[in-house]
Amino acid sequence: MVVVYSKPGCGACVATKRVLDEAGVRYETVDVSVDSAAHDMLVERGFSAMPVVAPTDDVASWFGGFRLQRLRKVIAAETAA
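None of the values given here were measured: they were computed from a predicted structure.

Draft legend 1. Structural detail: the side chain of Ser61. Within the secondary structure, Ser61 is located in the loop between β3 (52-54) and β4 (63-64). Overall, Ser61 belongs to the buried group, its relative accessible area being 18%. Sequence-distant contacts of Ser61, defined by excluding residues within four places in its chain, comprise Val53, Pro55, Thr56 and Arg70.

Draft legend 2. Local environment of the packing of aromatic side chains. As enumerated under the stated definition, the model contains two aromatic pairs in all. Arranged with centres 5.9 Å apart and planes meeting at 35 degrees, the rings of Tyr5 and Trp62 form a pair that is tilted. Here Trp62 lies in the loop between β3 and β4 and Tyr5 lies in strand β1 (residues 2-6), a separation of 57 residues in the sequence. Exposure remark for Trp62: the relative accessible area of 10% places this residue in the buried category. Ring-pair connections join several aromatic residues into one group, and the members of that group are Tyr5, Phe47 and Trp62.

Draft legend 3. Structural view of the pairing of β1. Of all five residues in β1, five are buried, a share of seventy percent or more. Residues of β1 alternate between two faces, with Val2, Val4 and Ser6 on one and Val3 and Tyr5 on the opposite face, all of them buried. In terms of strand pairing, β1 meets strand β2 (residues 27-31) through five bridges, oriented parallel. Of the residues in β2, the one forming a bridge with Val3 is Glu28.

Draft legend 4. Structural context of the state of the cysteines. Per the counting criterion, the structure on display carries one disulfide. A sulfur-sulfur distance of 2.3 Å marks the disulfide that ties Cys10 to Cys13. Residues Cys10 and Cys13 are joined by a disulfide whose S-S torsion is about 80 degrees; by sign, that bridge is right-handed. In terms of burial, Cys10 and Cys13 fall into one category: buried.

Draft legend 5. Structural detail: the sheet that holds β4. Overall, mixed pairing links the four strands, which are arranged β2-β1-β3-β4 in an open sheet. Among the strands making up the open sheet, the edge pair consists of β2 and β4. Across two bridges, β3 lies against β4 in antiparallel orientation. In the strand pairing of β4, Val53 is matched with Phe63.

Draft legend 6. View of the environment of Glu22. Note that Glu22 resides in helix α1 (residues 11-23). Between the C-alpha atom of Glu22 and that of Ala54, which follows or precedes it by 32 residues, the distance is 18 Å.

Conventions adopted
Residues numbered from 1 in each chain as written. Predicted model: local features only at pLDDT ≥ 70, side-chain atom pairs only at ≥ 80, totals over all residues. Heavy atoms only, no water. Helix = DSSP H or I, 4+ residues; strand = E, 2+ residues; numbered from the N terminus. Buried < 20%, exposed > 50% of the residue type's maximum accessible area, 1.4 Å probe, protein only. Contact = heavy atoms within 4.5 Å. Phe/Tyr/Trp six-rings, centres within 6.5 Å; stacked < 30°, edge-to-face > 60°. Pairing = 2+ DSSP bridges. Disulfide = S-S within 2.5 Å.

Interpretation in functional terms is not warranted from these geometric data alone.
Right under this line is the structure:
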């Protein structure tokens, strides 16, 4: 399952979740403003932009910010599964 790390008041987070919702992709949301362990883990892995989309357990597949082309690849992989 796709995980979207986000925070309140983040326009890119809202846009990312909207694209996934419209495509019918199920995802879990982790609010890094209340989950300090998740926040620290992302910082340790070099992420600073929200949201961080984690389509698999492989950190190399994760990406930060609103990136429509990457989201389209995630959607294609999820709908093919």
